[in-house]
Amino acid sequence: MKIFSSAPEFDLENPDFNTSRHLANARMQAERRGLDKVLVVDVDAHHYETDNLLPIIDFIEDPVLRQSALNMYQYKGAASVIYDQPGMQDVGGRIHRYQHRKHENVDGLVGTERDIGQAMRWMDALAVDYACLFPTPMLFLGLHPQVDIEVNMAKAYNRWMVEEVLPRTDRLKSMLYLPFNDPQATYEMVKKYAGKKGVIGFMVVSTRYKPIHHNDYVKTYALLEEAGLPIAFHASYHWNDQLISQANKFITAHALGFTFFNALHCANWVTNAMPEKFPRLKVIWVESGLSWIPWLMQRLDHDYRMRSSECPGLKQLPSDYMRQMYYTTQPMEAVNNREALELTFKMINAETQLMYSSDYPHWDMDLPTVIWDLPFLSEQAKRRILGLNAVEVFNLDVSDRYPDLTAPR
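Before going into details, it helps to say that this report is about the structure given with it. Here the residue numbering is sequential within each chain, running from 1 through the sequence in written order. Only residues with pLDDT of at least 70 are given local features in this predicted model, and only at 80 or more are side-chain atom pairs given and counted; all residues enter the totals for whole chains, interfaces and linings. To get the side-chain values, all heavy atoms of the structure are used, and hydrogens and water are removed first.

### Some points on the packing of aromatic side chains
Ring pairs (aromatic) are described by centroid distance and by the angle formed between their planes.
Argument step 1. Aromatic pairing here means that ring centres of Phe, Tyr or Trp (its six-membered ring) are within 6.5 Å. Orientation follows from the plane angle: under 30 degrees is stacked, over 60 is edge-to-face, and everything else is tilted. A complete count under the given rule lists 16 aromatic pairs for this structure.
Argument step 2. Among the aromatic residues, those joined into a cluster by ring pairs are Tyr-221, Phe-233, Trp-269, Phe-278, Trp-285, Trp-292 and Tyr-327.
Argument step 3. Should the NZ of a Lys or the CZ of an Arg lie within 6 Å of a ring centre and within 35 degrees of the ring normal, that charge is described as sitting over the ring. The ring of Tyr-187 is capped by Lys-219, whose NZ or CZ atom sits 4.7 Å from the centre of that ring.
Argument step 4. Of note, Lys-382 hangs over the ring of Trp-372, and the distance from its end group to the ring centre comes to 5.5 Å.

What follows is the structure, given as structure tokens:
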């Protein structure tokens, strides 16, 4: 596999990419810190469904869309089947795994077995015991102009995940993709798959223009609350979004795009008293970092103290509700001022509300050591964030790997 550079002498060629070798330094870090004896649950990990898209296309129920997807796959490739957009995640080819992963020989495995085998390689390298797997290009579907595309891709992907992936290993879990642009299809998705093996919740891509507090979604939230399953709002960016399109650098589109939508939806969730309406529904904000949370807490509290009449359903300060929600670590901002990070942890009650996520294999992935090496955390807090909080939130059975472990409550 050749990756072309700006000049021939800088071209890269790697005919034998191997995830385990690629993550050799991660494995060394895990061994030196003894993380193989620490429960690590990765709440946000990814695979590229476009690397193995044909089995998913076969599950598309609409025969016309299925045939259209097959033709587009043959003509333009896998990414164009879903929703392609400008981006520079691989930094012009310098993040090797983006292109090399799809050509990796995983012990001679093919198809779905290969996807699982590749996941085991990176999980073992990072000392991850269990991982919640999300799709990647499908995270752009929230702004797809054709609602039926999102619905049919979600149905196909979720069926493939539930029937082909999750039954084959206890180490992989999933919060299934909800086609949120169609509220009825969203409800039916939860009704169909709640309680299935390996399904630990459901996920909404935040990059969309649907108000999450709308009455159309109330019956879905009620169903999730009744089933005891969390809902996660997974951030993404969209460079074609009218606001973000003003950015002429990917760094700006990524830094702001992954934050704005989650912040907006979180604010709407709180100010429309959704925590009071669904007090037992666990809400998780995924892959938007942590720095926006104190900012939003302070902004909402400030305005609420002067305009509480606009939020008659609230019985606490907005920040109090936000402290009861859950957050994932990645990308945990690597600030020079560690005091700012420590204060953020205090403001969100990180010991009980924060869950580790690697976001592997993305370019800005985090190893478990980003938590384990923090000097201001106790060992118990580190263990909770790395795994025990997830056990509690998702009611995970980890007895196959840690038979004597129970999550503190």
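### A word on empty space enclosed by the protein
Argument step 1. Lining residues are those with an atom within 4 Å of a point, where the points come from a 1 Å grid over the protein atoms alone and group into cavities, where a 1.4 Å probe fits but cannot get out, or pockets, open sets with protein on both sides within 12 Å along at least five of seven lines. Grid points are joined across faces, edges and corners, and a volume is the space filled by probe spheres set on the points. Enumeration over the complete set of coordinates arrives at 1 cavity of 30 Å³ or more.
Argument step 2. Forming the boundary of the largest cavity are His-46, His-47, Tyr-48, Asp-51, Arg-101, Asp-115, Gln-118, Ala-119, Trp-122 and Leu-133.
Argument step 3. The numbering of helices and of strands both runs from the N terminus, where a helix is a DSSP run of H or I of at least 4 residues and a strand a run of E of at least 2. Ranked by the residues each element gives to the lining of the largest cavity, the list is headed by helix 7 (residues 111-126), at 4 residues.
Argument step 4. Here the term charged refers only to Asp, Glu, Lys and Arg, the term nonpolar to Ala, Val, Leu, Ile, Met, Phe, Trp, Tyr, Cys and Pro, and the term polar to all other amino acids, Gly among them. Per-class residue counts for the lining of the largest cavity are 4 nonpolar, 3 polar and 3 charged.

### Considering the pairing of strand 8 (residues 283-286)
Argument step 1. Throughout this description, buried means an accessible area under 20% of the type-specific maximum (1.4 Å probe, protein chains only), exposed means over 50%, and partly exposed covers the range between. Side chains of strand 8 alternate between two faces, with Val-283 and Trp-285 and Ile-284 and Val-286 buried alike.
Argument step 2. Relative to strand 8, strand 7 (residues 231-234) runs parallel, the two being bridged by 4 bridges. Counted as the bridge partner of Ile-231 is Val-283 from strand 8. Two strands pair if DSSP finds at least two bridges between them.

### What to know about the environment of Gln-146
Argument step 1. Along the chain, Gln-146 falls in the loop between strand 4 (130-134) and helix 8 (147-165).
Argument step 2. Judged by relative accessible area, Gln-146 falls into the partly exposed class, the value being 42%.

### Focus on the state of the cysteines
Argument step 1. Note on terminology: pairs of cysteine sulfur atoms within 2.5 Å are recorded as disulfides. Going through the model one piece at a time under the given rule, you end up with 0 disulfides.
Argument step 2. Between Cys-311, a free cysteine, and Cys-266, which holds the nearest cysteine sulfur, the sulfur-to-sulfur gap is 13 Å.
Argument step 3. Under the relative-accessibility criterion, Cys-311 is labelled buried at 11%.

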